[in-house]
Amino acid sequence: MSLNYGLNSIRSDGRLKPTDSTSAKLMIKTVFNTYVKTPEQYDNSGKVISYRLSLIGKIEFIDLSSGEKFVSDANITGNSLWFPDRESEDEALKRAIEDFYRQGIRHLFSQVEW
């Protein structure tokens, strides 16, 4: 699974401008440590019809001019619902990655005044 889905989420937010490392001022460092697939809904026969996918990790924002943390680290859980009869698990995981990075960007902007 590509983390480009996270980059797409950052781009669509519009408040940060992803760029190459030579002109970047801020680096986002992400460590995913847990992936959980939990049954969420069942049909009348007891078959699972949806799962909650949770991608759990830590996100850091590093000021590249000083090498210091720009804001405090955040432990984040990105979630999505997966309906196996309608889509692949990868499609639902993409949404969990996007949710993870949306929350990371929200954390960043809640910690500083621009």
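Reading guide: rules and limits
- Residues numbered from 1 in each chain as written.
- Predicted model: local features only at pLDDT ≥ 70, side-chain atom pairs only at ≥ 80, totals over all residues.
- Heavy atoms only, no water.
- Helix = DSSP H or I, 4+ residues; strand = E, 2+ residues; numbered from the N terminus.
- Buried < 20%, exposed > 50% of the residue type's maximum accessible area, 1.4 Å probe, protein only.
- Contact = heavy atoms within 4.5 Å.
- Areas by Shrake-Rupley, 256 points an atom, 1.4 Å probe, with all protein chains shown as cover.
- Lys, Arg positive; Asp, Glu negative; His and termini not counted.
- Charge placed at Lys NZ, Arg CZ, Asp CG, Glu CD.
- pLDDT = per-residue confidence, 0-100.
- Polar contact = N/O pair within 3.5 Å; in protein donor to acceptor, adjacent residues only side chain to side chain.
- Salt bridge = Lys/Arg side-chain N within 4 Å of Asp/Glu carboxyl O.
- Phe/Tyr/Trp six-rings, centres within 6.5 Å; stacked < 30°, edge-to-face > 60°.
- Lys NZ or Arg CZ within 6 Å of the ring centre and 35° of its normal.
- Pairing = 2+ DSSP bridges.
- Axes fitted to C-alpha atoms, helices over the stretch in contact; angles between N-to-C directions.

Turning our attention to the overall build of the protein chain. In terms of helices and strands, the protein chain carries two helices and three strands. Along the chain direction, N to C, the helices and strands of the protein chain fall in the order α-β-β-β-α. Structurally, the protein chain occupies a C-alpha span of about 60 × 25 × 20 Å along its principal axes. With 114 residues in all, the protein chain has 31% of them scored as buried. Of the contacts made within the protein chain by residues no fewer than 6 positions apart, 59% connect residues no fewer than 24 positions apart. Surface accessibility of the protein chain: about 7100 Å² in total, with carbon and sulfur atoms responsible for 47%. Across the protein chain, 15 positive and 16 negative side-chain charges occur, with their mean positions spaced 1 Å apart.

A low pLDDT score tells you not to read the predicted coordinates there in detail. Residues of the protein chain with pLDDT of at least 70 account for 95%, and the chain-wide mean is 92. For the protein chain, the element scoring lowest by mean pLDDT is helix α1 (residues 4–13), at 78; strand β3 (residues 74–82) scores highest, at 98.

Glancing now at the side chain of serine 80. Structurally, the position occupied by serine 80 is in strand β3. Of note is the side chain of serine 80, whose polar atom sits 2.6 Å from the backbone oxygen of alanine 92. Setting aside residues up to four positions removed in sequence, serine 80 forms contacts with Tyr51, Arg52, Leu53, Ala92, Leu93, Arg95 and Ala96.

The full count for this structure, using the stated rule, is ten salt bridges. Between arginine 15 and aspartate 13 there is a salt bridge whose closest N-O contact spans 2.9 Å. The exposure class assigned to aspartate 13 is partly exposed, which follows from its relative accessible area of 32%. A single salt-bridge network, built from bridges that share partners, covers Lys58, Glu60, Lys69 and Asp73.

This next bit is on the packing of aromatic side chains. Here the structure, examined in full by the defined rule, presents four aromatic pairs. An aromatic cluster is present here, built from Phe32, Phe100 and Tyr101 joined pairwise through their rings. Sitting above the plane of the phenylalanine 109 ring, arginine 15 keeps its charged end 4.3 Å from the centroid. In this structure, lysine 37 packs its charged tip against the face of tyrosine 51, placed 5.7 Å from the ring centre.

Spatially, β1-β2-β3 is the arrangement adopted by the three strands of the open sheet, whose pairing is antiparallel. Looking at the sheet topology across the chains shown, the edges are occupied by β1 (26–42) and β3. Each strand axis lies, on average, 20° off the axis of its neighbour in the sheet, ignoring direction. Here strand β2 (residues 48–63) runs beside β3; their pairing, made up of nine bridges, is antiparallel. Counted as the bridge partner of isoleucine 59 is alanine 74 from β3. Most of the contacts of helix α2 (residues 89–111) go to β3, to which it runs at about 145°, and overall it touches β1, β2 and β3.

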